[in-house]
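Single-letter residue listing:
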Number of protein chains: 2
Amino acid sequence: LGADGMRAFEHASEYARAAGLLVIADAKRGDIGSTARAYAAAYLEGEKPVADAVTVNPYLGRDSLEPFFGACRRHGGGVFCLVKTSNEGGGDVQDVRLSDGGLLWQHVARLVAEWGEDLIGEHGLSSVGAVVGATHSRAVGEARKLLPRSILLLPGVGAQGASPGDVARAFTSGPASALVAASRSVIYGFRSSGEDWRTGAARDAARLKSEIWAASGW
Amino acid sequence: LGADGMRAFEHASEYARAAGLLVIADAKRGDIGSTARAYAAAYLEGEKPVADAVTVNPYLGRDSLEPFFGACRRHGGGVFCLVKTSNEGGGDVQDVRLSDGGLLWQHVARLVAEWGEDLIGEHGLSSVGAVVGATHSRAVGEARKLLPRSILLLPGVGAQGASPGDVARAFTSGPASALVAASRSVIYGFRSSGEDWRTGAARDAARLKSEIWAASGW
C-alpha cells in the first residue's frame, strides 16, 4: 500500500464518484503541521478531491486535525474520527480507565463532539463524525449519547461478526445519524452463492439495508 | 499527499537508500487487518522496501501493529511507535490522567516496551522504538526510564524549538539509544546564510550533531 496502492484507490474512488456515489476514504490519517495539511488537501480539497470524507486518528490531538476541519468548512467534506475501533486490540489504548472513572474512548468521543461544534450544518449534524465498531454494541449506544450531532460510521457488521441489532442504538436520533459499513460480507457474497458477483453484492447489500432499517425501528 | 506524493517519497527514499543511508518513513500508519498488512509490506518488506523503519500510531492497539512487528522479525526493519508527540495539541489525548495516576502516554510507553520485548537484538535494543517529542524535555527522561530497550526518535529540535539539552536524558543508556530528528532547521539553513544549500545543510547537521553529543555527555 505505497504509491501503487494509493493510485489504485484514487482510480476506484474517481469511478465511484463519477457514478454519483459518496466516497468515504478509510485512510485513518493523523499527522501534524504541513503533512496534515497535505493529507487534508489530497483527500478533501482541490479540483478533484479523492473522497467526500476521510477517517482520521485522534491520538495527535486537535491541532493535527484542524486542516481536515478547515477543508470541511471550505468544501463541505466530512471527517470521521476513530473513537472505538472494531478490532480486538483496540482496547489496549481505547479502554484504559481514566481518573474520572470513564474510559479513554469516551474522553475521545467528548473531544470529537467539541471539535465538531463549529461544523454543524442546517440539519443539525456536524461534519465531524465518529467511527465506532459495531462489534461493541454497548459502546454504540453510549457513543450515540456522547455525540448527539455526529454521524456514526459503524464498521464490523458482517465479516467481523456484528449483527444489525448491534447497531440499532446508533439510530435513535434519526436515520441519517449513522452509516453502517460492510465490505467483505457484501463484495464476497457471490463466492458462496455461485452467482454473478454484481447480482450477489446487490442482493446482499439490499438485504443488509432492510435488516438494519427494521432493527433501527424506522 | 495522495499517490503522487507517495511516489515522490518513494523516489527520495530509494535515492537515499542507494546512497547507503538508513531511511525512517515518518508515515504514522495505524490500521487493521489486511490494510495493516499491506502497509507493513509496502514500507518494510518485499524486494525493495520503501524504508528501513516506519513510524506507527498506537491508538488501534497491538493487533493493528502486529504486521509491522512481523516484518521487523522477518526482515530486520524497525518500527517507531508514537508515544508523546511534539505538537502542542498532542496533550488532548496523550496527557489524559488515568485511574492509576499516570498519563495516557506513559501507559502507551509501557505497552511499547511490552510489544518490543520479543524483538530485542544482540545489542540489547528492541526493533520497536518510540517517538517522543524533544519539545517535552521531562517526558524524554521519563520515556527513557519506561523504555530501557527502545531507541527513542526525538523530533522537535530546531524549527519546533527544542534544544540539544532537552534531549540529553534520552542518551543515558548509551548513544545508540536515541535518534534526534531535525529537518527544517537543517535543510533550510542556507536561506539565512546565503550559501549553497549542500554546504549549509552539511554544516548545520554537523553542528547539531556535535552539540547533541556534547549535551549527552558522551
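Look a little higher up for the structure.
Position numbers for residues count from 1 along each chain, tracking the sequence in the order it is written. Each chain is given a letter, starting from A, and each ligand a number, starting from 1, according to the order in which they appear as written. Where totals are concerned, whole chains, interfaces and linings use all residues; where local detail is concerned, this predicted model gives features only for residues with pLDDT of at least 70, and gives and counts side-chain atom pairs only at 80 or more. As a convention, hydrogens and water are excluded, and side-chain values are obtained from all of the structure's heavy atoms.

Asks: Tell me about the pairing of strand β3 (residues 78-84) of chain B, and name the residues and values.
Replies: Residues and elements named next belong to chain B. Note on exposure labels: buried denotes an accessible area under 20% of the residue type's maximum, exposed denotes more than 50%, and partly exposed covers the range between, all computed with a 1.4 Å probe on protein chains only. In this text, helices come from DSSP runs of H or I with a minimum length of four residues, and strands from runs of E with a minimum of two, each type numbered from the N-terminal end. The buried fraction of β3 amounts to seven of the seven residues, a majority that puts the element mostly inside the structure. Here strand β2 (residues 53-56) pairs with β3 via four bridges, running parallel. What sits directly across from Val54, in β3, is Val79. Crossover handedness is defined by viewing with both strands directed away from the observer: a clockwise path from the first strand over the helix to the second marks the crossover as right-handed. As for the winding sense of the linkage, the β-α-β connection from β2 through helix α3 (residues 62-75) to β3 is right-handed. For two strands to count as paired, DSSP must find a minimum of two bridges between them.

Asks: Let's hear about the interface of chain B and chain A: which residues, and what values?
Replies: Contacts: residue pairs with any heavy atoms within 4.5 Å of one another. At the interface, 47 residues of chain B touch 47 residues of chain A. Throughout, the accessible surface (probe 1.4 Å) given up by two parts as they are put together, summed over both, is called the buried area. Interface area, chain B with chain A, both sides summed: about 3,800 Å², of which 57% is carbon and sulfur. Of all residues in chain B, B:Leu1, B:Ala3 and B:Tyr59 bury the most surface against chain A, accounting for 21% of the area lost on that side. Salt bridges are defined as contacts in which a side-chain nitrogen from Lys or Arg sits within 4 Å of a carboxyl oxygen from Asp or Glu. Linking chain B with chain A are four salt bridges, by the criterion used here. Residues A:Asp31 and B:Lys28 are paired through a salt bridge, measuring 2.8 Å at the closest nitrogen-oxygen approach. We call two N or O atoms a polar contact when they sit within 3.5 Å, provided that within protein one can donate a hydrogen and the other can accept it, with sequence-adjacent residues counted only if both atoms are side-chain atoms. Summed over the shared surface of chain B and chain A, the result is 31 residue pairs in polar contact (both at pLDDT 80 or more).

Asks: Describe the sheet that holds strand β4 (residues 126-132) of chain A, naming the residues involved and giving the relevant values.
Replies: Residues and elements named next belong to chain A. Spatial strand order, β1-β2-β3-β4-β5-β6: six strands in an open sheet with parallel pairing. This sheet does not close on itself; its edge strands, each paired only once, are β1 (24-29) and β6 (178-181). The sheet shows a mean angle of 25° between the axes of neighbouring strands, taken without regard to direction. Where strand β3 (residues 78-84) lies against β4, five bridges are found, and the strand directions are parallel. If you follow Phe80 over to β4, its bridge partner there is Gly129. Axis geometry follows a simple rule: fit a line to the C-alpha atoms, using only the stretch in contact for helices, then measure angles between N-to-C directions, giving values from 0 to 180 degrees. Helix α2 (residues 33-44) rests against β1, β2 (53-56) and β3 of the sheet, and its axis sits at about 170° to β1. Along the sheet, helix α6 (residues 137-146) contacts β3, β4 and β5 (150-155); its crossing angle with β5, the most-contacted strand, is approximately 165°.

Asks: Tell me what's going on with helix α1 (residues 3-18) of chain A, and back it up with residues and numbers.
Replies: For α1(A), which comprises 16 residues, the first-to-last C-alpha distance of 22 Å matches the rise-based estimate of 22 Å (1.5 Å per residue) to within 8%. Every buried residue belonging to α1(A) is among A:Ala3, A:Met6, A:Glu10, A:Ser13 and A:Ala16, and all of these are buried. The arc that holds every buried residue of α1(A), seen down its axis, measures 145°, which confines them to one face. Counted as exposed and oriented over 90 degrees from the buried face of α1(A): A:Asp4, A:Tyr15 and A:Ala18. Check the buried side of α1(A) and you find it contacts β1 and α2 of chain A together with α1 (3-18) of chain B. Positioned one or two residues after α1(A), A:Gly20 has a phi angle of 90°, which is positive. To estimate how far a helix should extend, the number of its residues minus one is multiplied by 1.5 Å. Directions drawn from the helix axis to the C-beta atoms are what define this arc.

Asks: Kindly report on the sheet that holds β3(B), identifying the contributing residues and their values.
Replies: Residue and element names in this part refer to chain B. Taken in spatial order, the six strands of this open sheet run β1-β2-β3-β4-β5-β6, and their pairing is parallel. At either end of the open sheet lies a strand with only one pairing partner, and these are β1 (24-29) and β6 (178-181). With strand direction ignored, the average angle separating the axes of adjacent strands in the sheet is 25°. In this fold helix α6 (residues 137-146) packs onto β3, β4 (126-132) and β5 (150-155), with an angle of close to 165° to the strand it touches most, β5.

Asks: Before we move on, can you summarise the relation of the copies chain B and chain A with the specific residues and values?
Replies: Look at the two chain copies: a rotation about an axis and a shift along it is all it takes to match them. We superpose the copies by least squares over the C-alpha atoms of residues that have a pLDDT of at least 70 in both of them. Once chain B is rotated about the relating axis by 180° and shifted along it by 0.0 Å, it coincides with chain A to within an RMSD of 0.0 Å. In the structure described here, the two chain copies are related by an operation that fits a two-fold rotation axis. The fraction of interface residues of chain B whose copies in chain A are also interface residues reaches 100%, indicating that both copies meet through the same surface.

Asks: So what's going on with the pattern of salt bridges? Residues and values would help.
Replies: Residues and elements named next belong to chain A. One pass over the structure, following the stated rule, counts 32 salt bridges over all chains. Between Lys28 and Asp26 there is a salt bridge, with the nearest N and O atoms lying 3.0 Å from each other. You can call Lys28 buried: its relative accessible area is 7%. What emerges from the salt-bridge pattern is a single network uniting Arg62, Glu66, Arg73 and Asp118.

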